[in-house]
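# Notes for the structure review
Residues per chain are reported as follows:
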Amino acid sequence: MSLRSKSVCPKCNSDCHPLFKREKTFPDADAAASYYDALLKHVVDGPAFASLIRADAKSTDQKGAVSVKTTLHRCPKCKTQIIEEKVQVHDGSEWKDADKLSRRISIPEGVDLICVFRP
Ligand SMILES: [Zn+2]
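Structural notes, computed from the coordinates.

### Quick word on the overall build of the protein
Broken down by element type, the protein carries three helices and five strands. Moving toward the C terminus, one meets the helices and strands of the protein in the order β-α-α-β-β-β-β-α. Along the longest, intermediate and shortest principal axes, the C-alpha atoms of the protein span 45 × 35 × 25 Å. Here the protein holds 119 residues, and the buried ones make up 22% of them. Long-range contacts, defined here as pairs at least 24 residues apart, represent 64% of the contacts in the protein between residues at least 6 apart.

This is the structure we're talking about:
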């Protein structure tokens, strides 16, 4: 495990535990943008955000396909939650990390997204 895969609580610096993971794959960047760009236009505790997280998206492994892995983490100490998204792009033969597109979405105190992520 590399250090980069660790999620540290922005508040108390504890290692956060992954709770739930969701993965979506899109056939191309435009399709991915309809999720990836749209997500941050909504408040994290609103219904539009929840339905985007819950939506299923599945594409075949093809050149230009985009995979987004969304993980909900929670700090064991202060219960702060964070969302991490890792993006990979298929180059025609394999998935390649798109580190520039990976991101972290901080969740305001008191907002609980477990019910959004729980299958
Ligand atoms: Zn914490």
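### Notes on the environment of R22
Tracing the backbone shows R22 in strand β1 (residues 17–26). Residue R22 is classed as partly exposed on the basis of its C-beta count, with 19 C-beta atoms lying within 10 Å. Note: C-alpha distance between R22 and A55 (33 residues apart in sequence) is 9.7 Å. With residues near it in sequence (within four places) discarded, R22 still touches I53, T70 and F117.

### Things to note about the pairing of strand β2 (residues 66–74)
Most of β2 sits out of view: seven of its nine residues are buried. One ladder, built from nine bridges, connects β1 with β2; its direction is antiparallel. Residue pairing across strands places T25 opposite S67, the latter belonging to β2. As judged from the nine bridges shared by β2 and strand β3 (residues 81–90), these two strands associate in the antiparallel manner. The residue bridging V68 from the neighbouring strand is V87, located in β3. Between β2 and the antiparallel strand that follows it, β3, lie six residues; K79 among them carries a positive phi value of about 70 degrees.

What counts, and where the lines are drawn
- Residues numbered from 1 in each chain as written.
- Predicted model: local features only at pLDDT ≥ 70, side-chain atom pairs only at ≥ 80, totals over all residues.
- Helix = DSSP H or I, 4+ residues; strand = E, 2+ residues; numbered from the N terminus.
- Buried ≥ 20, exposed ≤ 12 C-beta atoms within 10 Å, placed from the backbone.
- Contact = placed C-beta atoms within 7 Å.
- Pairing = 2+ DSSP bridges.

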